[in-house]
Amino acid sequence: MSLRAELEQCVSAWAAQHFPDLPAEPWVRPCTDERHGHFQTHLAMVAAKATRQNPREMAERLARECELPKGWEKATVAGAGFVNFRVGPEALGQAIDALRQDPNLGIIPVKRPETIVIDFSSPNIAKAMHVGHIRSTVLGDSLARLLRRLGHQITRINHLGDWGTQFGKLLLAYRAAGRPPIEPDHAIDQLEEFYKKGHQEAESDPAKMAQARAELAALQDGDPERLKDWRLFCERSAEHFRRIYERLGIRFDSIRGESAYHEDLPRVVQTLLDRKIAETSQGAVVVRNPSIAEEPYLIRKSDGAFLYATTDLAAIQYRTEELKADRIIYVTDARQQLHFRWLFDTSKRWGVKTELEHVWFGTILGPDRKPLKSRDGTPLKLVDLLNEAHERAAAILTSKRPDLTPEDLGAKAELLGIASLKYADQLPNRNLDYVFTWEKLLAFDGNTAPYILNAYVRTRSILRKAGLNQRPSAPVKIAQPEEEVLARLLLRFGDAVELAAADRKPHHLCGYLYDLAGQYHRFFEACPVLQLPALRDSRLTLVGLTGDVLREGLSLLGIPTLEEM
RNA sequence: GCGCUGUUAGCUCAAUCGGAUAGAGCAUCUGACUUCGGAUCAGAAGGUUAGAGGUUCGAGUCCUCUACGGCGCACCA
């Protein structure tokens, strides 16, 4: 348990006893300025306001009455009614001892675990994954890792776009070309070329457009030849996705795509019509709710075709009934907010009790503050992004480590390049658009993956030199300020993980890990570990714990560590 | 037109849902290498939090208005 959580219990207990009407929110926070103390509460000011009493006197009372854990200094009062707390060196050492023996590293499992479906990534068949997929993929993966770490039961679903209207145009061009073989190595390029051709033809020629619709209808009616072609497209695309996910270190529990719900769609629409939730309008089937928007929500087109809204409704049914989901989290870009408002509202009216959440994120912008594109104006392919990350990392490695074999260099470049990319993508608050530059993304200074990995590598290096073949486990004696700050920071790991998970915002964890890596570097400068026999074992424990927390924290962000750079 | 969302240091971003003197990195300048890995550390400088009102002990954060931007609004996903 973190020091904060321990103190929180004391303060909340006091609050519950004397002011039972106050909300049970977290009252204890780390001080913004450590000159005031280690932790602070503004509870007294809130309580004083509620009871029309003097805040300063209330703070004095809290400081006097609140029972603190053993080894804490007497609480002090400052400002308008803040109460400040300081933990003593002995209690701090004991807390570190407890942390050292805690396999969870201070992460407290949730009291009520849920079964949670996380729907993320979701690329489209027959198209290359591009830069627009990276945030959903990386963010969804991290949320899955964070929530699982806190004890929830997680199902990661890749809701592939494998059944859209694009297949009409694709089939049109593919069949016109005589259904040539799709080479595994260039499958996506080939498929994109066919789609482009079919699209152009259909847009410029009404007869071709009708033909494309007929192709789609034939596919959806189960024509064996079209189904065979469609399966081939899916298999080849899946191989492309698999390679990228492999490099990103991302796995799914289910890759059930839109096609899986194909047969459920008529029933979904009919049920909504029967229950008067949906109605017919201009030949289409729509759901109305003026409090959301004037325009209705379309669930069946006037030509009888279904939309992704319908598929999503069917998917909610499946995940609720078959997967027993308590909660479904969708990770998509901000532009889909309106869609999800409709989807959630419609589901509620249908009687769905599952908690539904839309975790949305902003656009990745280029240096011109417009959505990031490749040089020729097409969407930037994810493969190209990963390759460039690899190459830039390799260039830096070559200059820093000329001794590496080509194999080692390749492996390290891959790890560092991908790590930088994933970290940079999670660093900004997900709600905001952010500006992407290669310089920043693969910078190895500042708040970056290499900076944190370097701190980790330095912990490993010391442990190697110490000749330890197991985790250091000596009791910790705090001798210098840098050690004290490091120790208190280590004890905040659980809070950081909890905050990142609760907010669905991994950037909180990035900030914590950066602080920890920075403090470790300061500790490293100020506190010799191996040279001072009296403090050696204690400091080795701190070094080992720092490494453990850095590794665990990075791993929750989907970033693996390495033993040496 | 309606709705969502944003504007914080020259640039890129933080600020733990209303708390104390708004913090980092990059860039600029100054220091620390006979190093437990310098991919590091210490320091300087940089701010009317877009603007104006309001709410209260207290506002970057909440409410109103204004300016400027991004995005979304029936048959794509």
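It should be emphasised that the depicted structure is a prediction, and the values quoted were computed from it without experimental measurement.

## Brief notes about the overall build of chain A
Phase 1: Within chain A, the secondary structure is distributed over 20 helices and 13 strands.
Phase 2: The dimensions of chain A, computed from C-alpha atoms along their principal axes, are 85 × 70 × 40 Å.
Phase 3: Within chain A, buried positions represent 51% of all 565 residues.
Phase 4: Nonlocal contacts in chain A, meaning residues at least 24 apart in sequence, comprise 74% of its contacts between residues at least 6 apart.
Phase 5: Element-wise, carbon and sulfur atoms account for 50% of the exposed surface of chain A, whose accessible area totals about 26,700 Å².
Phase 6: Charged side chains in chain A number 76 positive and 77 negative. The centres of these two groups are separated by 2 Å.

## Notes on the sheet that holds strand S5 (residues 115-119)
Phase 1: The four strands lie next to each other as S6-S5-S10-S11, forming an open sheet whose pairing is parallel. Both edges of this open sheet fall to strand S6 (153-157) and strand S11 (355-361), since each of them pairs with a single strand only. Going from strand to strand, the sheet's axes swing by 20 degrees on average, the running direction of each strand aside.
Phase 2: Pairing of strand S10 (residues 327-333) with S11 involves seven bridges; the strand directions are parallel. Bridge pairing in S11 links Val 331 to Val 359.
Phase 3: Contacts from helix H5 (residues 134-149) reach S5, S6, S10 and S11, with the element oriented near 165 degrees to S6.

## A short note on the environment of Ser 259
Phase 1: With respect to the helices and strands, Ser 259 occurs in the loop between helix H9 (224-248) and helix H10 (265-274).
Phase 2: On the accessibility criterion, Ser 259 (19% relative accessible area) is buried.
Phase 3: Residues within four places of Ser 259 in sequence aside, it is in contact with Asp 162, Trp 163 and Trp 230.

## Here we look at the protein's contact with RNA strand B
Phase 1: As a structural note, the neighbourhood of RNA strand B is formed by 65 residues, with Asn 84, Ser 281, Lys 301, Lys 440 and Arg 458 the closest of them.
Phase 2: Close to the protein, within 4 Å, the atoms of RNA strand B are drawn from sugar and phosphate at a rate of 59%.
Phase 3: The contact in question runs from a base oxygen of RNA strand B to an N or O atom on the backbone of Ser 302, over 2.6 Å.
Phase 4: In the model, a base nitrogen of RNA strand B is placed 3.2 Å from a nitrogen or oxygen of the Tyr 308 side chain.
Phase 5: Residue classes in the surface near RNA strand B are distributed as 29 nonpolar, 18 polar and 18 charged.

## What to know about the pattern of salt bridges
Phase 1: Within this structure, the stated rule accounts for 40 salt bridges.
Phase 2: Among the ionic pairs, Arg 175 bridges to Asp 229, the shortest N-O distance being 3.6 Å. Of this pair, Arg 175 sits in helix H6 (residues 166-176) while Asp 229 sits in helix H9, and the two are 54 residues apart along the sequence.
Phase 3: Exposure remark for Arg 175: the relative accessible area of 22% places this residue in the partly exposed category.
Phase 4: By relative accessible area, Asp 229 is classed as buried at 3%.
Phase 5: Note that Arg 460 and Glu 563 form a salt bridge whose closest N and O atoms lie 2.9 Å from each other. Placement of Arg 460 in helix H16 (residues 449-465) and of Glu 563 in the segment after helix H20 (533-556) is noted, with a sequence separation of 103 residues between them.
Phase 6: Salt bridges linked by common partners bring Arg 175, Arg 179, Glu 215, Asp 223, Glu 225, Arg 226 and Asp 229 together as one network.

## Regarding the pairing of strand S7 (residues 278-281)
Phase 1: When S7 meets strand S8 (residues 284-287), the two strands line up antiparallel, connected through four bridges. The residue of S8 that forms the bridge with Ala 278 is Val 287.
Phase 2: In this antiparallel pair of consecutive strands, S7 and S8, the connection spans two residues, and Gln 282 shows a positive phi of 50 degrees.

## Section: the sheet that holds strand S4 (residues 82-85)
Phase 1: Strand order in the open sheet formed by four strands is S1-S2-S4-S3, with antiparallel pairing between adjacent strands. Looking at strand neighbours, the two that pair on one side only are strand S1 (28-30) and strand S3 (76-78), the edges of this open sheet. Taken pair by pair, the neighbouring strands of this sheet meet at an average axis angle of 35 degrees, ignoring direction.
Phase 2: For S3 and S4, the ladder comprises three bridges, and the chain directions are antiparallel. Bridging across to S4, Ala 78 finds its partner in Phe 82.
Phase 3: Against the sheet, helix H1 (residues 3-18) touches S1, strand S2 (39-41) and S4, its axis set at about 150 degrees to S1.

## Thoughts on the domain arrangement of chain A
Phase 1: By the assigned domains, chain A splits into domain 1 (3-87), domain 2 (166-248), domain 3 (382-438) and domain 4 (449-556).
Phase 2: For domain 2 versus domain 4, the distance between C-alpha centres works out to 52 Å.

## Remarks on the packing of aromatic side chains
Phase 1: Applying the stated criterion to the full structure yields 17 aromatic pairs.
Phase 2: On the basis of an interplanar angle of 85 degrees and a centroid distance of 5.1 Å, the ring pair of Trp 163 and Trp 230 is categorised as edge-to-face. With Trp 163 in the loop between S6 and H6 and Trp 230 in helix H9, the pair connects residues that are 67 residues apart, well separated along the chain. The two residues Trp 163 and Trp 230 agree in class, both being buried.
Phase 3: Taken together, a centroid distance of 6.2 Å and an interplanar angle of 50 degrees make the contact between Tyr 520 and Phe 524 tilted. With Tyr 520 and Phe 524 both in helix H19 (residues 507-526) and four residues apart, the pair spans about one turn of that helix.

## Quick notes on the environment of Leu 542
Phase 1: Within the secondary structure, Leu 542 is located in helix H20.
Phase 2: Excluding its chain neighbours within four sequence positions, the residues that come into contact with Leu 542 are Ile 96, Val 476, Glu 483, Leu 486, Ala 487, Leu 490 and Phe 523.

What counts and what doesn't
- Residues numbered from 1 in each chain as written.
- Chains lettered and ligands numbered in written order.
- Predicted model: local features only at pLDDT ≥ 70, side-chain atom pairs only at ≥ 80, totals over all residues.
- Heavy atoms only, no water.
- Helix = DSSP H or I, 4+ residues; strand = E, 2+ residues; numbered from the N terminus.
- Buried < 20%, exposed > 50% of the residue type's maximum accessible area, 1.4 Å probe, protein only.
- Contact = heavy atoms within 4.5 Å.
- Areas by Shrake-Rupley, 256 points an atom, 1.4 Å probe, with all protein chains shown as cover.
- Lys, Arg positive; Asp, Glu negative; His and termini not counted.
- Charge placed at Lys NZ, Arg CZ, Asp CG, Glu CD.
- Pairing = 2+ DSSP bridges.
- Axes fitted to C-alpha atoms, helices over the stretch in contact; angles between N-to-C directions.
- Near = heavy atom within 4 Å.
- Polar contact = N/O pair within 3.5 Å; in protein donor to acceptor, adjacent residues only side chain to side chain.
- Nonpolar A, V, L, I, M, F, W, Y, C, P; charged D, E, K, R; others polar.
- Salt bridge = Lys/Arg side-chain N within 4 Å of Asp/Glu carboxyl O.
- Domains from an automatic or database assignment.
- Phe/Tyr/Trp six-rings, centres within 6.5 Å; stacked < 30°, edge-to-face > 60°.

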